Every structure is written in C-alpha cells, then in structure tokens.
Amino acid sequence: MRNILIKTIVLSLSITLLASCSDYLDRGSKVKFTDDNYWTNESNVKTFTWGFYDRFMGYGNGSSTNGDFYWSTFSDDQALQSGMNNFSTAAPASNTDWNNAYIYIRKANLLLERIDQVPMTDEAKNHYKGLAKFFRAYEYANLIKKFGDVPYIDKFLDQSETDLIYTPRTARSTVVEKIMADLEFAAANIRTKATAEANTVNRNVANALLSRVALYEGSIAKYHNNDATKANALFTIAKNAAAAVMSQGYTLSPKYKDIYTSIALASNTEAIMYKYYLKGTFMHSMTAYLNSTTPISGATKDLIESYLCTDGKPIDVSPLYKGDADISKILADRDSRLSDAIGNVLAYRGNAVGGLISSTGYLIKKYNNNTITGNDLTQINANYTNAPIFWLAEVYLNYAEAAAELGVMTQIDADNTINKLRARGGVSSLNITNIPVDPKKDADISSLLWEIRRERRIELAFDGFRYWDIRRWKKLEYLDYATNPDIFKGAKVPTQTTGLLVDANMYITPYSNPSLRIIITPKHYLDAIPTGVKSLYDLEGIVFPQNPGW
C-alpha cells in the first residue's frame, strides 16, 4: 500500500504510545479499544504497525525542516546559510531523539508481548514479530549512534516496574549484538517483497537496514575500539546483507536524479522503500526552501573538488580539469553528478539568480523535478516528490566498503557496485589494481578505501549520511578549519559584491570567523546524555555515567 505513510499520520492522532498500556489502548469511547479487546485479529495488528512508519522522515512533513535530506548541513559538504554549525559545549536538559526512541521501543516491545495471543497463522505471527524487531533495532541503532551505551530494554514495562525502567546503560557492544539478532530475525521472517504489501518493510528492507547498521558499527569497532575481530564480523554481516538485497532484481535508475525527484517511486527499479507524498494531501517543503528567496546552504569548495573528472582521476592529477575560474570550467569533463547536484549557475549575495542565493555560490538542484513549477515547487507545504528511504545505490556502497574493509574486494565486486555508479555519472571505471594517486588522500587509508569513501560522499551528497560517516571513521578533523580550510570556502567569484565575504583569492567565505568551531575529542564523537535523564537515575541511586568530556 503506497500510501501507508499517509495513513500513519492519521492513525497516530488516535493511537499513540505515551505511557502505560491502559493509556495507549483503554480510552473508552474515544478509541473504543482496550488491551483485552484489541489483539483479536491480523487487521488490528497491521494497523498497530502503521505508526512505526512515522519514524522515516524522508523530506520532512508539512512545513517542517527536519527531513533526512539537505537540512543535515553539519558536515564538510555544506555551509549553513544562517550561521556556522558548531558542536554543543554543554549537555542539554532533554533530547527528543532519546525520548522518542524509547517511546517506539516500548511500542515494539508491546507488540512482541501481545502477538502470540492473536488468532492468526504462525507465518503471520512471525511476520509481525519481525516488523517489531526491525523497528526496535532501528531505534536502538540510532540511539547508540548518537549516545553510545544506552539502557537496553526488551520488555513492555508497566510504570510500576521502576527497577526495570531504570535499567543502567548497557554496553554498546551488547546492544549491537541485540540489534544484529533482531534484524537477522526480521530478514528471515518478514514477508518477501512479493508477499508483503507494497512499500512496507519487507525482507529486502530488513537486509538494507542490516547492511547499513552493521557497516556503521563495524567502523566503530575498528576505528574507535581497535577490535578487529568484532569489526570483521560486522563487516561480513554488512557485506552479506547487501549482497542479499543486490540479488533481488533491483537496478539503478537511468538517471542519477530519478530516485530523488519522482512523484511515483513505485515504478522506480532502484527504490527499495520510499516515503510517499501526495499533492493536496500529504506534502513537504524541501524543494520550496531550495527554490525561493530563503538563502540556500550551499556546497563547499571541498565537496566540489572531490568530484572526479570523466577519466576517473582526481582534479589535481587529471589533464581534463579546467580549473575553477567559472562554473562552466568547474563542470567541464567532470562527473555528471556534479552538475546534477548543483546546476550550472552561481548565485550569491549581490548576484542573485531568479531570486536565489547560496551561502557558497553553489545552488542545490539535486532534488528538483524539472516538470514541477510554480507553487508546487516554491510554496511551503506544497511539495510532493517522493523521498527514498532505502535504495540500491546506498546498498552498493555498503557492500563495496565492507568488502574493502575485509580485504576481499575483487574487480568483479567493483564492477557490480562502484563502477555501476560511476558509469551512470559518465566516469571511467575504477581499476582496483591501478588506482590513480590522489595527493589529498589520507595517509592512513588505502587508495581503494579512499576511492570507495569518495564514491559514497559523491553519490549520497546532501542525503544526511556524511556527518555520521565522519564520526564512524573517526575523522572529525575533516570538520576542523585548521586542517581543512576549504570546508569554509565556496565558489571563486570575479568581484566582491555587496554583503559578500571573500578571501584573498576571491573564494566566497560564508563565515567571518570560522575558527570559532571548536572540536574536542573524544567528546564530540558522542552526543551528551541529557542531564534530565541522568538526574532521574541519580535520584534512584543508580550509576548512570555521562559520556566522555561532557
């Protein structure tokens, strides 16, 4: 059912898990369900699961700016248009990411505890158990990504069970094992794409998430914990899960932008699962913010220069590179994903184009559907292009990175993943035995892994992955002005216009004082535990340590 993500919005108004089971189901005439009479048929169970899909933000809901794409500006790829992104200096009192995750974990635990009493087949029970475990794993994966060790609770708890509610922080490695077990169960028991309802979580979606999480946590094990054994086990899971998805007949869209700009991703062969928006019913605002008078958080010089030339070589060594004196030279003989991402004009303070300006001069055109115009393009809460949630390109990248980390990458692997992405961008194939030397390569990274990471950065530019990739690779120095000044530069301009800051070489400088960004390690590799949460545990006399540096 392609509109399940719309139904979710409606259902969440009447059925929400906020406190005890009685709060959730026993609301008398308002809801007409109690815990005793709700779990009576598969239809009710299916309806219960719809609420989980709220957690996939896609391009955001309505007028919100909390989607997964574009607005995730804290990275070396974008320069925020309204002040510089910076790290927090003090722990917050509360954190909605923490609070909301445990609401949905509790909901998943409720479903797991009630499912066996519902009169339906064992196949159906295992399907819905798989869904509950999928969404529980999804929440825990996001929690540990942000906070590290977190309380792991796998039972539906009543408010009176304070001894269990106040579970101490569980070691991240233990939580990872639980997540892997949940997702492996999901991938084996959730219905297949052929038998599940359209655009709902199926086995392919479960494997896509498994590959994403295992790759992330494998990187944490390797680069943060120096645990090669654990890292290789997780990279193997990531590789195998990605391979399982790749065997299911998905193919790349002919054009790079198709996965981001469609109003009907149901027919897209690259889409594994997507968020469906419908004109006049359920819409978003992302393209409005990219096509109106609101300044755009543009691409950085550092990102622009990471795109290869069509000969497969970095700009520093390719004879095809024409320099950056103007946008036409920048785009000439380059990976076509660059022009797809930023368009072919520069727009900045004092040089607006169609009313548009960007913090760096580079616009963001990746998400524009050229057939959509007028208010459908520029008005808040009027955009209806579908948003990918899981798609083949990311799975290819997960497979390639995991294989490279394991040291088992073959040319066939490269041809089946990285080189398919490069071919779509008009770039020569990667020959893993003859990789061009990039003078910008990190000394501690192999040339193969460097190129795979580059491919990930290019393919998923502005899609919300980059900041988290930097964290898992233990590369926060990429965000440091002292070591990477090009992340605080934009396009080269011919003259300094009114209100525009430029450096001595006429590159746009979005911020007057970029040295104000302070990076502290290991502190900034984890978010702070909310002080309100810690205080509750302290009042119960339970040791609940804060993260390092906070």
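Residues numbered from 1 in each chain as written. Predicted model: local features only at pLDDT ≥ 70, side-chain atom pairs only at ≥ 80, totals over all residues. Heavy atoms only, no water.

Q: Before we move on, could you go through helix 5 (residues 96-114) and cite the residues and values that matter?
A: Here helix 5 spans 27 Å end to end across 19 residues, near enough to the 27 Å set by a 1.5 Å rise per residue. A side-chain oxygen of the first residue of helix 5 lies 2.8 Å from the backbone nitrogen of Asp97; this N-cap is Asn95. (Helix = DSSP H or I, 4+ residues; strand = E, 2+ residues; numbered from the N terminus. Expected span 1.5 Å × (residues − 1). Polar contact = N/O pair within 3.5 Å; in protein donor to acceptor, adjacent residues only side chain to side chain.)

Q: Give me the lowdown on the packing of helix 8 (residues 172-189) against helix 9 (residues 203-224), citing residues and values where you can.
A: When two helices pack together, their arrangement is given by the angle between the helix axes and the distance between those axes. For the pair helix 8 and helix 9, the least separation of the axes is 8 Å and the interaxial angle reads 160 degrees. Compared by their axis directions, helix 8 and helix 9 come out roughly antiparallel. When the axes of helix 8 and helix 9 are compared, the crossing they make is left-handed. Residues Arg172, Val176, Ile179, Met180, Leu183, Glu184, Ala186, Ala187, Ala188 and Asn189 of helix 8 form the contact with helix 9, whose own contacting residues are Arg203, Ala206, Asn207, Leu209, Leu210, Val213, Ala214, Tyr216, Glu217 and Ile220. When its residues are assigned to classes, the contact of helix 8 with helix 9 shows 14 nonpolar, two polar and four charged. (Axes fitted to C-alpha atoms, helices over the stretch in contact; angles between N-to-C directions. Parallel < 35°, antiparallel > 145°, perpendicular 65-115°, else oblique. Left-handed = near helix turned anticlockwise from the far one by under 90°. Contact = heavy atoms within 4.5 Å. Nonpolar A, V, L, I, M, F, W, Y, C, P; charged D, E, K, R; others polar.)

Q: Account for unusual backbone geometry, with residues named and values stated.
A: Between Thr521 and the following residue, Pro522, the backbone shows a cis peptide bond with an omega angle of 5 degrees. Note that Pro522 resides in the loop between helix 21 (466-472) and helix 22 (531-539).

Q: With reference to specific residues and values, describe the side chain of Ser292.
A: Of note, Ser292 is situated in the loop between helix 12 (286-289) and helix 13 (301-304). On the basis of relative accessibility, which here comes to 19%, the residue Ser292 falls in the buried class. A distance of 2.9 Å separates the side chain of Ser292 from the backbone oxygen of Ala288, its partner in a polar contact. Apart from the residues lying within four places of it in its own chain, the contact partners of Ser292 are Gly355, Leu356 and Thr378. (Buried < 20%, exposed > 50% of the residue type's maximum accessible area, 1.4 Å probe, protein only.)

Q: So, the packing of helix 5 against helix 6 (residues 122-147): which residues are in play, and what are the values?
A: The N-to-C vectors of helix 5 and helix 6 enclose an angle of 160 degrees; their axes lie 9 Å apart at closest approach. Comparing the axis directions of helix 5 and helix 6 gives the class roughly antiparallel. Between helix 5 and helix 6 the crossing geometry is left-handed. Residues Asp97, Trp98, Ala101, Tyr102, Tyr104, Ile105, Ala108, Asn109, Leu111 and Leu112 of helix 5 form the contact with helix 6, whose own contacting residues are Tyr128, Lys129, Ala132, Lys133, Arg136, Glu139, Tyr140, Leu143, Lys146 and Phe147. Taken together, the residues that form the contact of helix 5 with helix 6 break down as 13 nonpolar, one polar and six charged.

Q: Quick one: what's the story with the packing of aromatic side chains, residue by residue and with numbers?
A: Inspection of every chain in the model, using the stated rule, returns 37 aromatic pairs. Look at Tyr53 and Phe56: their rings are 6.2 Å apart centre to centre, the planes differ by 65 degrees, and that puts the pair in the edge-to-face class. For Tyr53, a relative accessible area of 3% translates into the label buried. Judged by its relative accessible area of 1%, Phe56 is buried. Where Phe69 meets Trp391, the ring centres are 6.0 Å apart and the plane angle is 35 degrees; that geometry is what we call tilted. Of the two residues, Phe69 is situated in the loop between helix 4 (42-50) and helix 5 and Trp391 in strand 2 (residues 387-391); the sequence distance between them amounts to 322 residues. Comparing Phe69 with Trp391 shows no difference in burial state: the two are buried. (Phe/Tyr/Trp six-rings, centres within 6.5 Å; stacked < 30°, edge-to-face > 60°.)

Q: Tell me what's going on with the confidence of the model for the protein chain, and back it up with residues and numbers.
A: Looking at the protein chain, the pLDDT average stands at 93 and 94% of residues meet or exceed 70. This model gives residues 3-30 a pLDDT under 50, and the stretch forms 58 contacts once residues within four places in sequence are excluded. (pLDDT = per-residue confidence, 0-100.)

Q: Describe the environment of Ser253, listing the residues and the values that go with them.
A: Within the secondary structure, Ser253 sits in the loop between helix 10 (228-246) and helix 11 (258-261). With 139 residues separating them along the chain, Ser253 and Leu392 place their C-alpha atoms 9.3 Å apart. For Ser253, the contacting residues outside a window of four places in its chain are Asp258, Ile259, Asn268, Glu270 and Arg424.

Q: Provide a residue-level description of the pairing of strand 2, including the pertinent values.
A: Taken across its five residues, strand 2 has five buried, putting it largely inside the fold. Pairing geometry for strand 1 (residues 271-275) and strand 2, over four bridges, is antiparallel. Paired with Lys275 across the strands is Ala387, a residue of strand 2. (Pairing = 2+ DSSP bridges.)

Q: Tell me about the pattern of salt bridges, residues and numbers included.
A: Enumeration over the complete set of coordinates arrives at 44 salt bridges. With a closest N to O distance of 3.5 Å, Glu451 and Arg422 form a salt bridge. Of this pair, Glu451 sits in helix 20 (residues 447-459) while Arg422 sits in helix 19 (residues 418-424), and the two are 29 residues apart along the sequence. What makes Glu451 buried here is its relative accessible area of 3%. (Salt bridge = Lys/Arg side-chain N within 4 Å of Asp/Glu carboxyl O.)

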